[in-house]
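Descriptive structure summary
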Amino acid sequence: MQIRSLYRVPEPRDEFVRQCAPHMLGRWAHPEAVCGCLHDHAAATVDDPDLRQALLRGISETGVPTIETDWVPPSKQGEIGPTFTKIAKPTLQCMFEPVSN
């Protein structure tokens, strides 16, 4: 006999949007769309998994792209600035022209 769980484990994207959206309320007309776009388009441009996770953490905790140096290994801290340069255009597009998914 197999017992199925009644609780579904949330998808990482859904959890990100859930944490991010409250920070966007009052700033944007469609906070979920902005958060989803940031996840799918801005953060997706970051190839390094440590930097991407730190970026997603910063957005979900503050509502703006943020990476604290202690969130990434010391060997990658020099990549924080270039990461922000890389995500600048898609971030602005998400905030001012969110893509519907």
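Residues numbered from 1 in each chain as written. Predicted model: local features only at pLDDT ≥ 70, side-chain atom pairs only at ≥ 80, totals over all residues. Heavy atoms only, no water.

**As for the packing of aromatic side chains**
If you walk through the whole model with that rule in mind, you get 1 aromatic pair. Plain terms: the ring middles of Trp28 and Phe96 are 5.2 Å apart, the flat faces sit at 85° to each other, and that makes the pair edge-to-face. Of this pair, Trp28 sits in the loop between helix H1 (12-24) and helix H2 (31-42) while Phe96 sits in helix H4 (residues 80-96), and the two are 68 residues apart along the sequence. Since its relative accessible area comes to 22%, Trp28 is described here as partly exposed. (Phe/Tyr/Trp six-rings, centres within 6.5 Å; stacked < 30°, edge-to-face > 60°. Helix = DSSP H or I, 4+ residues; strand = E, 2+ residues; numbered from the N terminus. Buried < 20%, exposed > 50% of the residue type's maximum accessible area, 1.4 Å probe, protein only.)

**Digging into the state of the cysteines**
Counted under the stated rule, the structure contains 2 disulfides. A sulfur-sulfur distance of 2.2 Å marks the disulfide that ties Cys37 to Cys94. For the disulfide bridge between Cys37 and Cys94, the dihedral angle about the S-S bond is near -75°, and by the sign convention the bridge is left-handed. In this pair, Cys37 sits in helix H2 while Cys94 sits in helix H4, placing the two residues 57 residues apart along the sequence. Across the pair, exposure class does not vary: Cys37 and Cys94 are buried alike. If the cysteines joined by disulfides in the protein chain are listed in sequence order, their pairing comes out as 1-2, 3-4. (Disulfide = S-S within 2.5 Å.)

**A look at the pattern of salt bridges**
Once their charged atoms are close, side chains differing in charge can pair, the charge on each being opposite to the other. Under the counting rule described, the total for this entry stands at 6 salt bridges. For Glu61, the salt bridge goes to Arg57, with nearest N and O atoms at 3.1 Å. Note that Glu61 and Arg57 are positioned in helix H3 (residues 49-62) at a spacing of 4 residues, about one turn of the helix. Overall, the relative accessible area of 38% leaves Arg57 in the partly exposed class. (Salt bridge = Lys/Arg side-chain N within 4 Å of Asp/Glu carboxyl O.)

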